[in-house]
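Topology and contacts: notes
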Amino acid sequence: MPVSVVPSLTLEVPLDPSGLGPDTLRLQSGELRPGGTVGYSLVDRRLWFTPSVSLRAMLAYELVLGDWVRGIDGGVPRSFSPSVFVTGSADLGRPPAPRDPSFDADVAPLLETRCGSCHGGIRPSAGLALWPAERLADAATRGSTEWVGWRVLAVGSPERSYLLYKVTGSPGLVGERMPPGGALTRDQAAALERWIALGAPR
Ligand code: HEC
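Residues numbered from 1 in each chain as written. Predicted model: local features only at pLDDT ≥ 70, side-chain atom pairs only at ≥ 80, totals over all residues. Heavy atoms only, no water.

This part covers the packing of helix α1 (residues 103–115) against helix α4 (residues 186–197). At their nearest, the axes of α1 and α4 sit 10 Å apart, and the two run at 115° to each other. As α1 packs across α4, the resulting crossing turns out to be left-handed. When α1 is examined against α4, the residues Phe103, Val107, Leu110, Leu111 and Arg114 are found in contact with a partner set consisting of Gln188, Ala191, Leu192 and Trp195. Tallied by class, residues from the contact of α1 with α4 come to 7 nonpolar, 1 polar and 1 charged. (Axes fitted to C-alpha atoms, helices over the stretch in contact; angles between N-to-C directions. Helix = DSSP H or I, 4+ residues; strand = E, 2+ residues; numbered from the N terminus. Left-handed = near helix turned anticlockwise from the far one by under 90°. Contact = heavy atoms within 4.5 Å. Nonpolar A, V, L, I, M, F, W, Y, C, P; charged D, E, K, R; others polar.)

Written out as structure tokens, the structure reads:
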């Protein structure tokens, strides 16, 4: 592991978003607790910690979940990946951030071709219209009929948007995974996630 690593945990279940915050994940090595920021992707079920300083070389660090962190199923989330790692001495820098999706080039074609046939027109499935784009404003103010108390599209918060749970197929899901009969690819779901995080711009 280079000292510039951004360590992460891949979780078995998505997190309950109410437990998400700066204390969700910390990094420690004995008494040493480097500062940094926590990131989370529902699509990848990944939590990561971006240290604000370079880590020390040749040292074992551990990623530790906060006490109050729960999975969407109410249990303590387990991780597929090891939580302890040892740094080397190389500083490889951090990889560049991926390109932000564009509504016209990435999101709109997806909503039109994969959702629009049912969630469009005059009688959209589940009363939810996602196409054409002007109708997204209504989707953003609408509560889910399936997960009561949740928003379908919580602008700025993909982890609170039921729509993203419907396309990733999360535990406890009501009804079918969307779109029925053929899941989105990881990259398509990730584009939706990033677009919602950016404020769902049109
Ligand atoms: C073949 C028709 C069809 C397609 C295509 C489709 N849906 Fe659905 N959708 C439904 C039906 C029917 C329901 C209600 C039953 C269910 O949830 O299984 C539904 C329910 C939903 C709900 C739940 C609404 C609520 O009030 O809780 C969401 C969110 C959703 N779809 C999003 C999508 C997204 C996003 C796409 C495209 C990626 C999509 N759907 C594609 C038919 C479709």
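From this point, things continue past the structure.
So, about the nonpolar core. Counting 44 residues, the largest nonpolar core has Leu27, Phe103, Leu111, Leu130, Leu192 and Trp195 as its most contacted members. At 6 residues, the largest contribution of residues to this core is made by α1. Taken domain by domain, the makeup of this core includes at least three residues from each of domain 1 (8–86) and domain 2 (103–197). Apart from the residues within four sequence positions on either side, Leu27 is in contact with Pro7, Leu32, Arg33, Pro34, Phe49, Pro51, Leu55, Tyr61, Glu62, Leu63 and Phe85. (Core = buried A, V, L, I, M, F, W, Y, C linked by side-chain atoms within 4.5 Å. Buried < 20%, exposed > 50% of the residue type's maximum accessible area, 1.4 Å probe, protein only. Domains from an automatic or database assignment.)

A word on the sheet that holds strand β6 (residues 84–86). Sheets are built from strands paired through backbone hydrogen bonds, the pairs being either parallel or antiparallel. One open sheet accounts for 3 strands, arranged β2-β5-β6; its pairing is antiparallel. At either margin of the open sheet sits one strand with a lone partner, and together these are β2 (25–28) and β6. For this sheet the average axis-to-axis angle between neighbouring strands, irrespective of direction, equals 25°. Note that β2 and strand β5 (residues 60–65) share 4 bridges and pair antiparallel. Opposite Leu25, over in β5, you have Leu65 as the bridge partner. (Pairing = 2+ DSSP bridges.)

Taken as a whole and judged by the stated rule, the model has 6 salt bridges. Here Glu146 ties to Lys166 by a salt bridge, and the two come within 2.9 Å at their closest N and O atoms. On the criterion of sequence distance, the pair formed by Glu146 in the loop between α2 (136–139) and α3 (162–168) and Lys166 in helix α3 is long-range, its members being 20 residues apart. The class for Glu146 is partly exposed, based on a relative accessible area of 29%. Take Lys166: its relative accessible area is 8%, and that puts it in the buried class. A salt bridge links Arg186 to Asp187; the nearest nitrogen and oxygen atoms lie 2.9 Å apart. The partly exposed category is assigned to Arg186, whose relative accessible area is 46%. Overlapping salt bridges bring together Asp44, Arg186 and Asp187 as one network. (Salt bridge = Lys/Arg side-chain N within 4 Å of Asp/Glu carboxyl O.)

Geometric values such as these leave the question of function open.
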